[in-house]
Amino acid sequence: MGTHVTRRVDRARRAQARSVFAKGIVLIAGLGLIACGLLAQRQSRLQAGSELTQAQLRIGQLDERLWLIRTEIAGRVSPASLRDDSSLQAGLTPMIPDQPEETTRTAAR
């Protein structure tokens, strides 16, 4: 009868060892998945930051180009040419007629 009891104890110990091993595998796999998720999130943040920086650089370049174009236009335009151009447009009328002062005052309130 003693061997029967020891066999049962050995089986219980082996089952317990397998259970602990399986729990260890599940724990390691879970930690691995969490680490992968964190790395993916970090990479996403880094990529978004890089894209933001590139957009800001493009905006800066376009602003610089805009100012260069504006200075070119300002250099080509003289007060005399503005007067000539405005005299050509003297026959134009506004699309929206001017409103009387009373309606503009009540609209501002």
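Residues numbered from 1 in each chain as written. Predicted model: local features only at pLDDT ≥ 70, side-chain atom pairs only at ≥ 80, totals over all residues. Heavy atoms only, no water.

### Re the overall build of the chain
Assigned secondary structure in the chain consists of 3 helices and 0 strands. Along its sequence from the N terminus, the chain presents helices and strands in the succession α-α-α. Looking at the chain as a whole, 0% of its 109 residues are labelled buried. Of the accessible surface of the chain, which amounts to about 10,600 Å², a share of 62% is contributed by carbon and sulfur atoms. (Helix = DSSP H or I, 4+ residues; strand = E, 2+ residues; numbered from the N terminus. Buried < 20%, exposed > 50% of the residue type's maximum accessible area, 1.4 Å probe, protein only. Areas by Shrake-Rupley, 256 points an atom, 1.4 Å probe, with all protein chains shown as cover.)

### So, the packing of aromatic side chains
One pass over the structure, following the stated rule, counts 0 aromatic pairs. The cationic tip of R70 hangs over the ring face of W67; the distance from NZ or CZ to the ring centre is 4.9 Å. (Phe/Tyr/Trp six-rings, centres within 6.5 Å; stacked < 30°, edge-to-face > 60°. Lys NZ or Arg CZ within 6 Å of the ring centre and 35° of its normal.)

### What to know about the pattern of salt bridges
For the structure shown, the criterion picks out 1 salt bridge. Here R76 ties to E72 by a salt bridge, and the two come within 3.6 Å at their closest N and O atoms. Taken as a pair, R76 and E72 lie in helix 1 (residues 2-76) at a separation of 4 residues, close to a single helical turn. On the accessibility criterion, R76 (69% relative accessible area) is exposed. (Salt bridge = Lys/Arg side-chain N within 4 Å of Asp/Glu carboxyl O.)

### Concerning the confidence of the model for the chain
Per-residue confidence for the chain averages 84 on the pLDDT scale, and 78% of its residues sit at or above 70. At the level of individual helices and strands, the chain shows its lowest average pLDDT in helix 3 (residues 101-108), which scores 57, and its highest in helix 1, which scores 91. (pLDDT = per-residue confidence, 0-100.)

### Description of a positive patch on the surface
A cluster of like positive charges, contributed by R7, R8, R11, R14 and R18, occupies part of the molecular surface. Mapped onto the fold, R8 is located in helix 1. The exposure class assigned to R8 is exposed, which follows from its relative accessible area of 54%. (Patch = residues over 30% accessible without salt bridge, like charges linked within 9 Å, V, L, I, M, F, W, Y side chains within 5 Å. Lys, Arg positive; Asp, Glu negative; His and termini not counted. Charge placed at Lys NZ, Arg CZ, Asp CG, Glu CD.)

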